[in-house]
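Summary of structural features
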Amino acid sequence: MMNKKIIRFVLVTLCYSVAIAAVFYFLGRKMAYHRMDNSTQTLNSQTFYATISDIRDDGTFTVTGMEINDINFRGEFSFLVVEKTKITWRYTNILLEDLEVGDHISITFTGDILESSPKQIQQVEVIQLLDDEK
C-alpha cells in the first residue's frame, strides 16, 4: 500500500516536472527568436562609397557607386534624404545644403534596395562626406 503511494507521488511529480520544463523550453525558444528578429533589423545596415551625380530640391539624391565597392554597389542609385538622416563630415554634423554634385560620400542604409533604374535605396541612415575640404 505504501509502495503505491510512493509510486503515485513520483509519477505525479515527474509529470509536473516535464510539464514545467516544456513550458520554460517553449517560452525560452519564443524569446530567443524574438530577440533574433529584433537584432536582425539593427545588424542589417550596409555602407558603400559613391559620388553625388544629382541633387533635387525635394532631397532626392542620385549617386554613382565607386569602383572600390563590391560589384553590387557600383552603378546608379537614388534615395531620399529625410529629417532623421544623419549627415556628417569628419564626425561633425553638417547640413544637407553642404553637399554638392561631385562630392564623394559614404552611404549607410538599412532595408531593401529596389531593383529599378537607378536602384532605389529605401532607408538611408547616415551620409558621410569623404572629401578633405569643405
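Structure shown above.
Here's what I pulled together on the structure shown here. (Residues numbered from 1 in each chain as written. Predicted model: local features only at pLDDT ≥ 70, side-chain atom pairs only at ≥ 80, totals over all residues. Heavy atoms only, no water.)

**A short note on unusual backbone geometry**
- For the bond from Ser117 to Pro118, the omega torsion is -5°, close enough to zero to count as cis.
- Mapped onto the secondary structure, Pro118 falls in the loop between strand 6 (104-114) and strand 7 (119-129).
- Here Arg90, not a glycine, exhibits a phi torsion of approximately 50°, which is positive.
- One can find Arg90 in the loop between strand 4 (86-89) and strand 5 (92-93).
- At Tyr91, a residue that is not glycine, the phi angle is positive and equals roughly 65°.
- In this structure, Tyr91 sits in the loop between strand 4 and strand 5. (Helix = DSSP H or I, 4+ residues; strand = E, 2+ residues; numbered from the N terminus.)

**As for the packing of aromatic side chains**
- Scanning the entire structure with this criterion turns up 6 aromatic pairs.
- Geometrically, the ring pair formed by Phe73 and Phe77 is stacked, given 6.4 Å between the ring centres and 25° between the ring planes.
- Taking relative accessible area as the criterion, Phe73 reaches 12% and is therefore assigned buried.
- Put simply, the rings of Phe48, Phe73, Phe77 and Phe109 pair up and form one aromatic cluster. (Phe/Tyr/Trp six-rings, centres within 6.5 Å; stacked < 30°, edge-to-face > 60°. Buried < 20%, exposed > 50% of the residue type's maximum accessible area, 1.4 Å probe, protein only.)

**Observations regarding the side chain of Thr110**
- Assignment of secondary structure puts Thr110 in strand 6.
- For Thr110, the side chain forms a polar contact with the side chain of Glu125, separated by 3.1 Å. (Polar contact = N/O pair within 3.5 Å; in protein donor to acceptor, adjacent residues only side chain to side chain.)

**Considerations on the nonpolar core**
- In this structure, Phe79, Leu99, Ile105 and Ile107 are the most contacted members of the largest nonpolar core, which totals 20 residues.
- Of all the secondary structure elements, the ones that give two or more residues to this core are strand 1 (46-55), strand 2 (60-65), strand 3 (75-80), strand 4, strand 6 and strand 7.
- A per-element tally of this core places strand 7 first, with 4 residues.
- If we ignore the near neighbours within four places in the chain, the residues touching Ile105 are Phe48, Tyr49, Ala50, Ile52, Val63, Leu99, Ile127, Gln128, Leu129 and Leu130. (Core = buried A, V, L, I, M, F, W, Y, C linked by side-chain atoms within 4.5 Å. Contact = heavy atoms within 4.5 Å.)

**Some words on the pairing of strand 3**
- For strand 2 and strand 3, the ladder comprises 6 bridges, and the chain directions are antiparallel. Bridge pairing in strand 3 places Val63 opposite Phe77.
- Of the strand pairs in this sheet, strand 3 and strand 7 are connected by 2 bridges, and their pairing is parallel. Across the sheet, Ser78 pairs through a bridge with Gln120, a residue of strand 7. (Pairing = 2+ DSSP bridges.)

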